[in-house]
Amino acid sequence: MSAPPTLLEPDLLAAAPAGLADVGRLVTELTREAAGALRRRSGPLPALTPAELSRLLDTQLPEGPLPRTGGGRGAVLALARSFAAHTVDLADPRAAAHLQPPALSVAAAADVLASVFNPSLDTWDSGPYAVEIERRLVRSLAGLTGFGPEADGVLTPGGTASNLQALLIARDSALRSRGDTRGAGLAGLAVTPVVYCSELAHFSVARASAVLGLGEDAVRTVPADADHRMVPAELDRALASLAEDEVPIAVVATAGTTDYGSIDPLPELAAVAARHGVRLHVDAAYGGGALFSDRLRPLLAGIEAADSVTIDLHKTAWQPAAASALLVRDARALTASTGLRVAYLNPDDDGAAGYDGLLGHSLQTTRRADAFKVAATFLALGREGIGAMLDACHDLARHAARTVTAHPRLDLTADPVLTTVVFRYLPQDPGAAADPARAGAVNAALRRRLLREGTALIGRTDVGGTVRLKLTLLNPQATTTDIDELLAAVVRAGMSEETA
Ligand SMILES: Cc1ncc(COP(=O)(O)O)c(C=O)c1O
């Protein structure tokens, strides 16, 4: 494939024997180009402003990414070079902003094969082996969560999607128990739906509520304590004082809040939810990875009492996006919401004969075999291998917290629970240090300075209306020296901002 491929070339189709061989060659060439570009890099981001990067692409792709005539292999290799030169390099230990881990090579390689064979999970005949792998993967994850044999689940494109489906199940089951047997939905029942979560819950809870027709206003936030954990007594009080027409749809506990990694008190919340007959969903998109670690697993005690759980394997199991799992304690609740028979996909008689895919488990129809890369990873590394990676990142977070505490120009906001560290730079100028708005502006500016220079990528958040910095540590090969250098770069950038 040096010139643009024609329809007749034997290697045009990836899954044909000649195509498969060409995928191997092309992947080798692409990764060689990428490695060359990576060697020339000096940081986790390109040292370009957004406008400069945009101008560069205008120059590189004058016709955009859809030219009239293709440029063949040369065009692909040039793209790979530039991609590797300008993307975020998550394997750089100075990349510490988001819940976006460096992907594992075993998972990335397995994902190539998933693309080659291109199975889909909706019907058995669209990808029989992938369907079976996902069934087994879901069972293993449900077992790890502590669910029994009635549990089921499904892989989704992310924590946002898993939380949406969990709330769909909760909405439907609450409405069914209120007599909505005809599927008339909320309009058919004059009720006010209510969803409870802590004030630190992920915004996807509110978004799901809006998408499901409950409205964002249905979400009522329950106060959290000083350790950023939902207060069960407050939840109890709120549930006890609901008006006659108010229907509690779900309690959403967070196991691993995005900023602090804090874990809501699951056993207590489960008891409150059970007492009031409300479904408990645990958003363990981030913290679910603790299930792999002998050290951190006790933090999730009580998760087995949930009705459903979100775990993002593209966060704390080092998978390339996307790989999230929604696990449901009672399989019937899952299929009550999404179970579906469609004449052209999974008719009853095919299903009765065992030819059944996972259409009825998902909000999607065509669905990628994300379970394949996850299974490949687990088979290669085992639960202990993933757990050891989380432990290593947890160690780094604790080291970072100690370093921040010891530094006169840095101030720790909270002790780390999992792998995030929230802190701030303390301006040297006493006036700026005493003024939260000015101090916050210095912190925001120093983060952008590091971005602009391409030297470090750190996160930010907001505490009481002022900017804080955040390290999200998900590189298990980073060292304590890397962390010290990263924090030293933060301090240097802060000082430069103050004198700029
Ligand atoms: C606690 C929590 N829930 C849900 C999500 C959403 O996950 P995703 O980005 O995979 O949709 C996030 C993302 O950071 C999260 O931290």
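Treat the numbers as computed from the prediction; the structure is a model and nothing was measured. (Residues numbered from 1 in each chain as written. Predicted model: local features only at pLDDT ≥ 70, side-chain atom pairs only at ≥ 80, totals over all residues. Heavy atoms only, no water.)

*Asks:* Kindly report on the side chain of Thr 403, identifying the contributing residues and their values.
*Replies:* Tracing the backbone shows Thr 403 in helix α13 (residues 370-406). Here His 399 takes part through its backbone oxygen, which lies 2.9 Å from a polar atom of the side chain of Thr 403. Not counting residues up to four positions away in its chain, the partners in contact with Thr 403 are Asp 484 and Leu 487. (Helix = DSSP H or I, 4+ residues; strand = E, 2+ residues; numbered from the N terminus. Polar contact = N/O pair within 3.5 Å; in protein donor to acceptor, adjacent residues only side chain to side chain. Contact = heavy atoms within 4.5 Å.)

*Asks:* Any chance you could break down the domain arrangement of the protein for me, citing the residues and the numbers?
*Replies:* Segmenting the protein into domains produces domain 1 (120-368) and domain 2 (382-499). A C-alpha centroid distance of 32 Å is found between domain 1 and domain 2. Listed by partner, the interface residues are 24 residues for domain 1 and 22 residues for domain 2. Summed over both sides, the interface between domain 1 and domain 2 buries roughly 1,900 Å², with carbon and sulfur atoms accounting for 61% of that surface. When the area that domain 1 buries against domain 2 is broken down by residue, the three leading residues are Tyr 260, Arg 295 and Trp 318, summing to 36%. At the junction of domain 1 with domain 2, the criterion picks out three salt bridges. For Arg 383, the salt bridge goes to Asp 294, with nearest N and O atoms at 3.2 Å. Looking at side-chain class alone, the side of domain 1 that touches domain 2 contains 11 nonpolar, nine polar and four charged residues. (Domains from an automatic or database assignment. Buried area = accessible area lost by both parts, 1.4 Å probe. Salt bridge = Lys/Arg side-chain N within 4 Å of Asp/Glu carboxyl O. Nonpolar A, V, L, I, M, F, W, Y, C, P; charged D, E, K, R; others polar.)

*Asks:* Hey, could you go over the site of the ligand for me, with residue numbers and the actual values?
*Replies:* In the vicinity of the ligand, 14 residues are found, and the nearest of them are Gly 159, Thr 160, Thr 258, Asp 283 and His 314. Here an oxygen atom of the ligand and a side-chain polar atom of Thr 258 are 2.8 Å apart. Considering the ligand on its own, with 390 Å² of exposed area, one finds that the protein chains cover 83% of that surface. When residues of the shell around the ligand are traced back to their parent elements, those giving at least two are α6 (159-177) and α10 (313-316). Per element, the largest residue contribution to the shell around the ligand is three residues, and it comes from α6. (Near = heavy atom within 4 Å. Areas by Shrake-Rupley, 256 points an atom, 1.4 Å probe, with all protein chains shown as cover.)

*Asks:* Could you give me a rundown of the pairing of strand β3 (residues 192-198), with the residues and numbers involved?
*Replies:* Burial analysis of β3 places six of its seven residues in the buried class, the great majority of the element. Bridging between β3 and strand β5 (residues 246-254) involves six bridges; their strand directions are parallel. Within β5, the residue paired with Val 194 across the bridge is Pro 248. Pairing geometry for β3 and strand β4 (residues 219-222), over four bridges, is parallel. What sits directly across from Val 195, in β4, is Val 219. Handedness of the β3-helix α7 (residues 204-211)-β4 crossover: right-handed. (Buried < 20%, exposed > 50% of the residue type's maximum accessible area, 1.4 Å probe, protein only. Pairing = 2+ DSSP bridges. Right-handed = clockwise from strand over helix to strand, strands pointing away.)

*Asks:* Describe the sheet that holds strand β1 (residues 95-96), and please don't skip the residues or the numbers.
*Replies:* Strand pairs in the sheet, formed through backbone hydrogen bonds, run parallel or antiparallel to each other. Strand order in this open sheet of five strands is β1-β11-β12-β10-β9, and the pairing throughout is mixed. Edge positions in the sheet fall to β1 and β9 (410-412), since each of these pairs with one other strand and no more.

*Asks:* Break down the pairing of strand β2 (residues 152-156) for me, with residues and values.
*Replies:* For a regular strand, the rule is simple: side chains alternate between the two faces of the sheet. With respect to burial, β2 is a largely interior element, five of its five residues being buried. Side chains Asp 152, Val 154 and Thr 156 project from β2 onto one buried face, and the interleaved Gly 153 and Leu 155 project onto a second face that is buried too. As judged from the five bridges shared by β2 and strand β8 (residues 324-328), these two strands associate in the antiparallel manner. The partner of Thr 156 across the bridge, within β8, is Ser 324.

*Asks:* Describe the side chain of Arg 447, with residues and values.
*Replies:* Among the structural elements, Arg 447 can be located in helix α15 (residues 436-453). As a buried residue without a salt bridge, Arg 447 has its nearest oppositely charged side chain in Asp 259, at a separation of 11 Å. (Lys, Arg positive; Asp, Glu negative; His and termini not counted.)

*Asks:* Now, about the sheet that holds β8: what can you tell me, with residues and values included?
*Replies:* Overall, mixed pairing links the seven strands, which are arranged β2-β8-β7-β6-β5-β3-β4 in an open sheet. A single partner strand is all that each edge strand has here, and the edge strands are β2 and β4. Between one strand axis and the next, the sheet turns by 20° as a mean value, whatever way the strands run. Its contacts with the sheet put α6 on β2, β3, β5, β6 (279-284), β7 (308-312) and β8, and the angle it makes with β5 is roughly 150°. (Axes fitted to C-alpha atoms, helices over the stretch in contact; angles between N-to-C directions.)

*Asks:* Tell me about helix α4 (residues 105-117), residues and numbers included.
*Replies:* Taking 1.5 Å per residue as the helical rise, α4 with its 13 residues ought to reach 18 Å, and the 19 Å between its terminal C-alpha atoms agrees with that figure. Listed as buried for α4 are Ala 107, Ala 110, Asp 111, Ala 114 and Val 116. Lining the buried residues of α4 we find α1 (17-39) and α13. Where α4 terminates, the next one or two residues include Asn 118, which has phi positive at roughly 55°. (Expected span 1.5 Å × (residues − 1).)

*Asks:* Would you mind going over the nonpolar core in detail, with residue names and values included?
*Replies:* If you look at the biggest cluster of nonpolar residues, it comprises 58 residues, and the most contacted ones within it are Leu 235, Val 282, Leu 313 and Phe 378. The element that contributes the greatest number of residues to this core is α13, accounting for eight residues. Each of domain 1 (120-368) and domain 2 (382-499) contributes no fewer than three residues to this core. Sequence-distant contacts of Val 282, that is, excluding residues within four places in its chain, are made with Ala 253, Ala 255, Leu 266, Ile 303, Ala 306, Ser 308, Val 309 and Thr 310. Within the second largest apolar cluster, 27 residues are counted, among which are Ala 397, Leu 471, Leu 487 and Ala 493. (Core = buried A, V, L, I, M, F, W, Y, C linked by side-chain atoms within 4.5 Å.)

*Asks:* Can you tell me about the packing of aromatic side chains, naming the residues and giving the values?
*Replies:* For the structure on display, the rule yields two aromatic pairs. Ring centres 5.1 Å apart and planes at 85° place the aromatic pair Trp 124 and Tyr 355 in the edge-to-face group. Taken together, the residues Trp 124 in the loop between α4 and α5 (128-145) and Tyr 355 in the loop between α12 (348-352) and α13 connect sequence positions 231 residues apart. A relative accessible area of 28% places Trp 124 in the partly exposed class. (Phe/Tyr/Trp six-rings, centres within 6.5 Å; stacked < 30°, edge-to-face > 60°.)

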